[in-house]
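Structural overview for review
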Amino acid sequence: MDQNQVEEITRLVFEAINQSEERDNGFLVPVGVSARHVHLTQEHVEALFGKGYQLTKKKDLMGGQFASNEQVTIVGLKLRAIENVRILGPVRSKTQVEISATDARTLGIKAPIRQSGDLKGSAPIAIVGPKGALYLQEGAIVAMRHIHMTPADAEAAGLKNGDIVSVKADNERGTIFNHVVIRVDPSFSLEMHIDTDEANAAGIKQGDTVRIIR
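Note that the structure is a prediction, hence the values are computed from the model and not measured. (Residues numbered from 1 in each chain as written. Predicted model: local features only at pLDDT ≥ 70, side-chain atom pairs only at ≥ 80, totals over all residues. Heavy atoms only, no water.)

Turning our eyes to something else, we now look at the overall build of the protein chain. Counting its regular elements, the protein chain contains five helices and 14 strands. Counting all 214 residues of the protein chain, 43% fall into the buried class. Sequence separation of 24 or more characterises 65% of the internal contacts of the protein chain that already satisfy a separation of 6 or more. For the protein chain, the accessible surface area stands at approximately 11400 Å², while carbon and sulfur atoms represent 50% of it. (Helix = DSSP H or I, 4+ residues; strand = E, 2+ residues; numbered from the N terminus. Buried < 20%, exposed > 50% of the residue type's maximum accessible area, 1.4 Å probe, protein only. Contact = heavy atoms within 4.5 Å. Areas by Shrake-Rupley, 256 points an atom, 1.4 Å probe, with all protein chains shown as cover.)

Structure below.
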């Protein structure tokens, strides 16, 4: 069974569950816990891995993205570093480093909470690969928690792209996440993305479910 089949089965299961729930009880969403990672331009791939180098695929992700086999070291102020940080492909128009707040403290930088791609005024960081290194004056962020949805998911939930919602985790921690942005695209699969800090604090693991609350 390939990744597309797994995602389609998962989507159908959650669609059926949500249809059986009352709207007032909230819309059910599976959780994906996002570890620190890097997005690179092709120019920066070559700066780190050598001229003409292409990222190689380790695992397919939603929206045509993939986890690559390649990893780098990220370096903050006072030469504080984190090794073995995964690169996600395909290449992008801007290089971006997504870390947790704990990672930012480890690196000695002040990474702002931002949506992906919103890099103006973000934290400086260096990236070291096997064939070179580069320094970014801006590019390190703590990703704003968000929910990926297909248009059908958004319609079922009564939401649209860019909406901000609150989400509740019904576990022993009973955590409510505010300021969760909705991102809608036909290539997405239904999933809320939080970072490792948020997951650990709320007692949530990959594949757990949360509810969008009114």
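This part takes up the nonpolar core. Counting 25 residues, the largest nonpolar core has Val38, Ile74 and Ile127 as the members making the most contacts within it. Counting residues per element, the ones that place at least two in this core are helix H2 (42-49), strand S4 (66-75), strand S5 (81-89), helix H3 (101-107), strand S8 (123-128) and strand S9 (133-143). Broken down by element, this core gets its largest block of residues, four residues, from S9. Beyond its immediate sequence surroundings of up to four residues, Ile127 is in contact with Val38, Leu40, Leu48, Val72, Thr73, Ile74, Thr95, Val97, Gly132, Ala133, Leu134 and Leu136. If you look at the next biggest cluster of nonpolar residues, it comprises 22 residues, including Ile147, Val165, Val180 and Ile212. (Core = buried A, V, L, I, M, F, W, Y, C linked by side-chain atoms within 4.5 Å.)

The next thing to look at is the layout of surface pockets. Taken as a whole, the second largest pocket encloses approximately 170 Å³ of empty space. As for the second largest pocket, its lining consists of Ala101, Ile113, Val142, Ala143, Met144, Arg145, Asn178, His179, Asp195, Asp197 and Glu198. Looking at the lining of the second largest pocket, the elements with two or more residues in it are S9, strand S12 (176-184) and helix H5 (196-202). Class assignment for the residues of the lining of the second largest pocket results in five nonpolar, two polar and four charged. (1 Å grid on protein atoms, 1.4 Å probe; cavity = no way out; pocket = protein on both sides within 12 Å on 5 of 7 lines; lining within 4 Å. Points joined across faces, edges and corners; volume = space filled by probe spheres on them. Nonpolar A, V, L, I, M, F, W, Y, C, P; charged D, E, K, R; others polar.)

Under the defined criterion, the tally for this structure stands at one aromatic pair. Ring centres of Phe49 and Tyr53 lie 5.1 Å apart, and the angle between their planes is 20°; this geometry places the pair in the stacked category. (Phe/Tyr/Trp six-rings, centres within 6.5 Å; stacked < 30°, edge-to-face > 60°.)

Looking at where His146 falls in the secondary structure, it is placed in strand S10 (residues 146-149). For His146, the side chain forms a polar contact with the main-chain oxygen of Met144, separated by 2.8 Å. Side-chain polar atoms of His146 contact the side chain of Arg183, separated by 3.5 Å. (Polar contact = N/O pair within 3.5 Å; in protein donor to acceptor, adjacent residues only side chain to side chain.)

By secondary structure assignment, the location of Asp170 is in the loop between strand S11 (164-168) and S12. Of the residues examined, Asp170 reaches a relative accessible area of 52% and is grouped as exposed. Through-space distance from the C-alpha of Asp170 to that of Arg211 is 8.0 Å; in sequence the pair is 41 residues apart.

On a regular strand, one side chain projects to one face of the sheet and the next to the other, so that they alternate. Sheet analysis places strand S6 (residues 96-98) next to S9, joined by two bridges and oriented parallel. Bridging across to S9, Val97 finds its partner in Ala140. Bridge count between strand S7 (residues 113-114) and S9: two bridges; the pairing is parallel. Counterpart to Arg114 in the pairing with S9 is Ala143. Here S8 pairs with S9 via five bridges, running antiparallel. Bridge assignment links Ile127 to a residue of S9, and that residue is Leu134. Adjacent in sequence and paired antiparallel, S8 and S9 are bridged by four residues. (Pairing = 2+ DSSP bridges.)

Ordered in space as S1-S13-S10-S12-S11-S14, the six strands form a closed barrel in which the pairing is mixed. For this sheet the average axis-to-axis angle between neighbouring strands, irrespective of direction, equals 40°. (Axes fitted to C-alpha atoms, helices over the stretch in contact; angles between N-to-C directions.)

Glancing now at the pairing of strand S13 (residues 191-195). Counted residue by residue, S13 has four buried out of five residues, so it is predominantly covered. Pairing geometry for strand S1 (residues 27-34) and S13, over four bridges, is parallel. Pairing of Val33 across the sheet is with Ile194, part of S13. The pairing of S10 with S13 spans three bridges and is classified as antiparallel. Bridge assignment links His146 to a residue of S13, and that residue is His193.

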